[in-house]
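Chain by chain, the residues run as shown.
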Amino acid sequence: MFENSRPRLEAIAYRLLGSASDAEDAVQDTFLRWQAADRELVETPEAWLTKVLTNICLNQLTSARSRREAYVGQWLPEPVFAGDRMLGPADTVEQRESVSIAMLTLMERLSARERVVYVLREAFGYSHGEIAEVLEVTESNCQQIYRRAKQHMAGERTRVEVDEAAARKIVDEFLAAALSGNTDSLVRLLTDDAISAGDGGGVVFSLPEPITGALRVARFLRRLFEPTAAKWEMIGGRAALFAAVVNGVPALVIVVGDRVVGVISLEVTTDGIAAVHTQANPSKLVRATRRWAMSGHGDPLLDVW
């Protein structure tokens, strides 16, 4: 019973926590409680497991807020490659949008309860009555929480959906512009209000605040992609650069040996690249490295950077 539910529970936990490793821990804690429970008294196992998992995630979200106040630099969600069950259902636009790096980052604006209601409603289609039972609130209260969450999330632009071939083309064009040393080439790919944000976790250098505006972002990216000995030393050696789909968007994957040392996700809209999210925190690339080793990832766009 539990193993059949594990993929769904992992997908819920990842959307709630923005961290694949934390999601795995939350699901494992749920399993331990399932093992210890008197299951003859559990009328609806799926509802019981969802409620237990949600409460574990609520506790983690509350403690995570205080931890992130002391976080060094910017905090970004953990990237997950296409095909990983952690991404969960992808049948609707809402389900696909709910795991984008941009959306997971935006969800940080929500309170813990708002995030639970928003995720269960938008990504998993739970009714307000079902969510109310999970949170032990009234149905009308649940609807109010959902309305507030929707207001906080309003204004997010719809991404251009891509398959693997389209993602490779987009990433190839982005990489060529970034390596050209020509700022104008990058500016043409970006929206006027584009942002660049990076997470190094205090281990790898990253800027403390996002950069905004196409020209400023382009100038930063041009410097970022200049190959230097200092950068190679920081990431552990010369890197190969690959294209992939990560959290539903095109991404540039930076690999040294058998380790993923960076993932640069591109939020592509009809107007151009609206956001460049760089994840370089080693603790947030453990699952990505594991998945990378298990998958067929094609030829690199650049053998040695």
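Residues numbered from 1 in each chain as written. Predicted model: local features only at pLDDT ≥ 70, side-chain atom pairs only at ≥ 80, totals over all residues. Heavy atoms only, no water.

### Structural notes on the UniProt feature "domain: RNA polymerase sigma factor 70 region 4 type" (unreviewed entry) in the protein
Here is step 1: Following the UniProt record, one finds the feature "domain: RNA polymerase sigma factor 70 region 4 type" (unreviewed entry) at residues 102-153.
Here is step 2: This span, residues 102-153, is 75% helix and 0% strand, and a straight line between its end C-alpha atoms measures 11 Å. (UniProt positions renumbered as here; feature names shortened; annotations may be inferred. Helix = DSSP H or I, 4+ residues; strand = E, 2+ residues; numbered from the N terminus.)

### Overview of the environment of tyrosine 146
Here is step 1: Among the structural elements, tyrosine 146 can be located in helix H8 (residues 139-153).
Here is step 2: Given a relative accessible area of 15%, tyrosine 146 falls into the buried group.
Here is step 3: C-alpha of tyrosine 146 to C-alpha of histidine 128: the two residues are 18 residues apart in sequence and 8.8 Å apart in space.
Here is step 4: With sequence-adjacent residues up to four places away left out, tyrosine 146 is seen in contact with Val117, Tyr118, Arg121, Glu122 and His128.
Here is step 5: A distance of 2.4 Å separates a polar atom in the side chain of tyrosine 146 from a polar atom in the side chain of glutamate 122. (Buried < 20%, exposed > 50% of the residue type's maximum accessible area, 1.4 Å probe, protein only. Contact = heavy atoms within 4.5 Å. Polar contact = N/O pair within 3.5 Å; in protein donor to acceptor, adjacent residues only side chain to side chain.)

### Some words on the pairing of strand S6 (residues 272-279)
Here is step 1: In terms of residue burial, S6 counts as a mostly covered element, since eight of its eight residues are buried.
Here is step 2: With six bridges joining them, strand S1 (residues 190-199) and S6 adopt parallel strand pairing. Paired with isoleucine 195 across the bridge in S6 is alanine 275.
Here is step 3: Note that strand S5 (residues 259-269) and S6 share seven bridges and pair antiparallel. Bridging from a neighbouring strand, threonine 269 pairs with glycine 272 of S6.
Here is step 4: The hairpin turn running from S5 into S6, its antiparallel successor, is two residues long. (Pairing = 2+ DSSP bridges.)

### Some remarks on the environment of leucine 221
Here is step 1: Here leucine 221 is to be found in helix H11 (residues 214-224).
Here is step 2: In this view, leucine 221 contacts Phe174, Leu186 and Val276; residues no more than four positions away in its chain are not counted.

### Some remarks on the packing of aromatic side chains
Here is step 1: Scanning all chains against the criterion turns up six aromatic pairs.
Here is step 2: On the basis of an interplanar angle of 80° and a centroid distance of 6.0 Å, the ring pair of phenylalanine 174 and phenylalanine 225 is categorised as edge-to-face. Separated by 51 residues along the polypeptide, phenylalanine 174 in helix H9 (residues 164-180) and phenylalanine 225 in the loop between H11 and helix H12 (229-235) bring together distant segments of the chain.
Here is step 3: Note on phenylalanine 242 and tryptophan 292: the rings are 5.0 Å apart at their centroids and 75° apart in plane angle, and the pair reads as edge-to-face. With a gap of 50 residues between them, phenylalanine 242 in strand S3 (residues 240-246) and tryptophan 292 in helix H13 (residues 286-294) connect regions that are remote in the sequence.
Here is step 4: Under the relative-accessibility criterion, tryptophan 292 is labelled buried at 6%.
Here is step 5: Here the basic side chain of arginine 6 rests over the ring of phenylalanine 31, its NZ or CZ set 5.9 Å away from the ring centre.
Here is step 6: Cation over ring: arginine 238 sits above tryptophan 232, and NZ or CZ is 3.8 Å from the ring centre. (Phe/Tyr/Trp six-rings, centres within 6.5 Å; stacked < 30°, edge-to-face > 60°. Lys NZ or Arg CZ within 6 Å of the ring centre and 35° of its normal.)

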